[in-house]
Every structure is written in C-alpha cells, then in structure tokens.
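Working through the structure, step by step
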Amino acid sequence: MKRGSLKRVLQQARAPRRAARSRGFGVHSPFAFRFIREVLRQPYAYYAYPEIECLCREDKTDVRVAKALYRLALFFRTEGITLQGEAPEAMVQAIKKGLNHTIAEEVATCITGVGGGIKSVTQDWAEASTGMLFSAPELAVFVRSPHLPHQAFKILLP
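Summary of the structure given here.

**Examining the overall build of the protein chain**
When helices and strands are tallied, the protein chain shows six helices and five strands. In the protein chain, the succession of α and β elements from N to C terminus is α-α-α-α-β-α-β-α-β-β-β. Taking contacts inside the protein chain between residues at least 6 apart in sequence as the whole, the part at least 24 apart equals 59%. Working note: accessible area of the protein chain is about 9,100 Å², and carbon and sulfur atoms make up 55% of it.

**Looking at the state of the cysteines**
Counted according to the given criterion, the structure contains zero disulfides. Of all cysteine sulfurs in the structure, the one in Cys54 sits closest to Cys56, which takes part in no disulfide; the separation is 9.3 Å.

**With respect to the packing of aromatic side chains**
Tallied over the entire structure, the rule returns eight aromatic pairs. Geometrically, the ring pair formed by Phe35 and Phe134 is tilted, given 4.7 Å between the ring centres and 40° between the ring planes. Taken together, the residues Phe35 in helix α2 (residues 30-40) and Phe134 in strand β3 (residues 132-135) connect sequence positions 99 residues apart. Here Phe134 and Phe153 contribute two aromatic rings whose centre-to-centre distance is 5.3 Å and whose plane-to-plane angle is 15°, an arrangement assigned as stacked. Of this pair, Phe134 sits in strand β3 while Phe153 sits in strand β5 (residues 151-154), and the two are 19 residues apart along the sequence.

**Points about unusual backbone geometry**
The phi dihedral of Lys60 is positive, around 55°, even though this residue is not glycine. Structurally, Lys60 can be placed in the loop between α3 (49-59) and α4 (63-76).

**Regarding α2**
Residues Phe31, Ala32, Phe35, Ile36, Val39 and Leu40 constitute the buried set of α2. An end-on view of α2 places all buried positions within 130° of arc, on one side of the element.

**Some thoughts on the nonpolar core**
If you look at soluble globular proteins, the nonpolar side chains tend to sit buried side by side. Phe35, Leu72, Phe134 and Val141 are the most contacted members of the largest nonpolar core, which totals 39 residues. Those elements giving two or more residues to this core turn out to be α2, α3, α4, α5 (89-99), β2 (109-114), β3 and β4 (139-144). The residues touching Phe134, leaving out its near neighbours within four places in the chain, are Phe31, Ala32, Phe35, Ile36, Leu40, Leu139, Ala140, Val141, Val143, Phe153 and Ile155. Grouped together as the second largest cluster of nonpolar side chains are seven residues, Val121, Leu133, Ala140 and Phe142 included.

**Description of the sheet that holds β3**
Within the open sheet, the five strands sit side by side as β1-β2-β4-β3-β5. Their pairing is mixed. Taken across any chain shown, the strands that pair with only one partner, and hence form the sheet edges, are β1 (81-84) and β5. Here the strands of the sheet are splayed against their neighbours by 15° on average, with no regard to which way each runs. Inspection of the sheet shows β1 paired to β2 by four bridges, in the parallel sense. Its bridge partner lying in β2, Gln84 is registered against Gly113. On the sheet, α4 packs against β1, β2 and β4 and is oriented at approximately 170° with respect to β2.

**A look at the pairing of β2**
Here β2 lies mainly inside the structure; five of its six residues are buried. The sheet contact formed by β2 and β4 spans six bridges and is antiparallel. What sits directly across from Cys110, in β4, is Val143.

**Comments concerning the environment of Cys56**
Turning to its location among the elements, Cys56 is positioned in helix α3. For the pair Cys56 and Pro88, spaced 32 residues apart in sequence, the C-alpha to C-alpha distance is 8.9 Å. Setting aside residues no more than four positions away along its own chain, Cys56 makes contact with Thr61, Asp62, Val63, Ala66 and Ala90.

Basis of the calculations
- Residues numbered from 1 in each chain as written.
- Predicted model: local features only at pLDDT ≥ 70, side-chain atom pairs only at ≥ 80, totals over all residues.
- Heavy atoms only, no water.
- Helix = DSSP H or I, 4+ residues; strand = E, 2+ residues; numbered from the N terminus.
- Contact = heavy atoms within 4.5 Å.
- Areas by Shrake-Rupley, 256 points an atom, 1.4 Å probe, with all protein chains shown as cover.
- Disulfide = S-S within 2.5 Å.
- Phe/Tyr/Trp six-rings, centres within 6.5 Å; stacked < 30°, edge-to-face > 60°.
- Buried < 20%, exposed > 50% of the residue type's maximum accessible area, 1.4 Å probe, protein only.
- Arc of directions from axis to C-beta.
- Core = buried A, V, L, I, M, F, W, Y, C linked by side-chain atoms within 4.5 Å.
- Pairing = 2+ DSSP bridges.
- Axes fitted to C-alpha atoms, helices over the stretch in contact; angles between N-to-C directions.

Encoded structure:
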C-alpha cells in the first residue's frame, strides 16, 4: 500500500470524530465552541454571499474558504485579521467586504493561512504559548490572545 493511500484511509477513519468536533460538539472551551458555531460553521447566509459566490466562480476558488474569511473579517474587525500565504483575489475581496462592517467587540487578533500560508500559521501557533488554532485542510486560523489556552482544533468547513 502506498503512503498516500494509507494516509487517506487514516483520514477517513478519523472523519466521524472530526465531523462531530468540527461543529463544536465535544469542545469544552466556551470561546472555542462559540467561535466554531458562530464563525467557522455558521449555517445561515449573509447578504454578501451572492457577491462572494460570483467572485469565486470568476476566480475559480473555493467558495467555502472565501465565506469563512468573510465571517472572520466580520468577527475580528479591521485591525484584527492578518492573511498569510498566496490568496486569490476573490478571497481578498471577501475579507474587504467583511471589514466594511463591524459587528463584534473581540480584542483577540487572528492570523489566517490559505494554501501555502497554512504551514506558517501552524508554526506561529506552535511557537506561541497561548492562543487557539482551528485548522481545516483548506484554511488555518490562529486566534492569538493571552486569555486563551494553547489548544488546537481540527474542523471541517461547511
């Protein structure tokens, strides 16, 4: 059996547990539960989604990641989000749309990685002593705050 196929089998074996936790169930931290449920796995549509979907179709990028970046920008306000890695224009536009409106009062900062930036975000989290890492195959989010414990969560984007 090839190494890649063994890795795929292991990922599929862990999928049910990851799927349950990626919705916030089994997560004991109140911040992490709220962040997963209300930001990363939000089931409701926002008014900007049709525009984001159109941009992603033109750019041929992942709509789920662009929508997640939009929700992150809404949550962390203007100075709170940093994007690492090579992001397509549709994802940058999704972040800009979210930064136009501020609906949250969070003081934590967020480092987000897309594509090649996922490894650098994960490395930043490993070097930090506090903060939470939320990682999906397409996106990594490191919420940096001195009030959060050093924890990592594997999630699935909706």
